[in-house]
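# Chains, contacts and geometry: an overview
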Amino acid sequence: MQVDSARVPGGWLALYRGADGSGVCRLGVALLDAADPARVLCRQEEPVLEPELSWEREGLVNNVVFACGMAPAPGGWLVYYGAADEPIGAAWLDWAEVLRWLASVRAAGRRAA
């Protein structure tokens, strides 16, 4: 099963791509409302993945990583991603880290960023 979102306590965990002013594309994570997924409840301030390795920084389109999907696995998700618009990689998104992030968001009472 390949998805780019997953049901978690409090809503849907979604992966997204964002670019900065210099065109570097990073992968972020956001929590979407369970009843209305078009409503962003919050998003992590720091990226969960950014171009670091040479094959992520150099290619057809430099300095780009983007989600291709994620597959559930014991303890988290395997995130498949494209890099520099050529190769595909895999990264680990740890369930315990996601739960800590969700708990900190709730504790701080943060809403959509």
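Residues numbered from 1 in each chain as written. Predicted model: local features only at pLDDT ≥ 70, side-chain atom pairs only at ≥ 80, totals over all residues. Heavy atoms only, no water.

## Brief notes about the side chain of Glu 56
Structurally, Glu 56 can be placed in helix H1 (residues 54-57). In this structure Glu 56 is buried but unpaired, with Arg 57 as the nearest side chain of opposite charge at 6.4 Å. Only 2.8 Å separates the side chain of Glu 56 from the backbone nitrogen of Glu 52, close enough to count as a polar contact. One polar contact links the side chain of Glu 56 to the main-chain amide nitrogen of Leu 53, over a distance of 2.9 Å. Contacts of Glu 56, omitting those with residues within four sequence positions, involve Glu 50, Pro 51, Asn 63, Val 64, Val 65, Tyr 81, Ala 83 and Ala 84. (Helix = DSSP H or I, 4+ residues; strand = E, 2+ residues; numbered from the N terminus. Buried < 20%, exposed > 50% of the residue type's maximum accessible area, 1.4 Å probe, protein only. Lys, Arg positive; Asp, Glu negative; His and termini not counted. Salt bridge = Lys/Arg side-chain N within 4 Å of Asp/Glu carboxyl O. Polar contact = N/O pair within 3.5 Å; in protein donor to acceptor, adjacent residues only side chain to side chain. Contact = heavy atoms within 4.5 Å.)

## Focus: the nonpolar core
Within the largest apolar cluster, 22 residues are counted, with the highest numbers of intra-cluster contacts made by Leu 13, Leu 15, Leu 31, Trp 77, Leu 93 and Trp 101. Elements with a contribution of two residues or more to this core: strand S1 (5-8), strand S2 (11-19), strand S3 (25-32), strand S4 (40-43), strand S5 (65-73), strand S6 (76-83), strand S7 (88-94) and helix H2 (95-108). Residues within four places of Leu 13 in sequence aside, it is in contact with Asp 4, Ser 5, Ala 6, Val 8, Val 29, Ala 30, Leu 31, Trp 77, Leu 93, Val 98 and Trp 101. (Core = buried A, V, L, I, M, F, W, Y, C linked by side-chain atoms within 4.5 Å.)

## Comments concerning the environment of Leu 99
Among the secondary structure elements, Leu 99 is positioned in helix H2. The class for Leu 99 is partly exposed, based on a relative accessible area of 33%. A C-alpha to C-alpha distance of 32 Å links Leu 99 and Glu 86, two positions 13 residues apart in sequence.

## Let's talk about the sheet that holds S5
Spatial strand order, S5-S6-S7: three strands in an open sheet with antiparallel pairing. Lying at the two open borders of the sheet, with one neighbouring strand each, are S5 and S7. Across the sheet, the axes of successive neighbouring strands diverge by a mean angle of 25°, strand direction being ignored. Against the sheet, H2 contacts S6 and S7, and its axis sits at roughly 60° relative to S7. (Pairing = 2+ DSSP bridges. Axes fitted to C-alpha atoms, helices over the stretch in contact; angles between N-to-C directions.)

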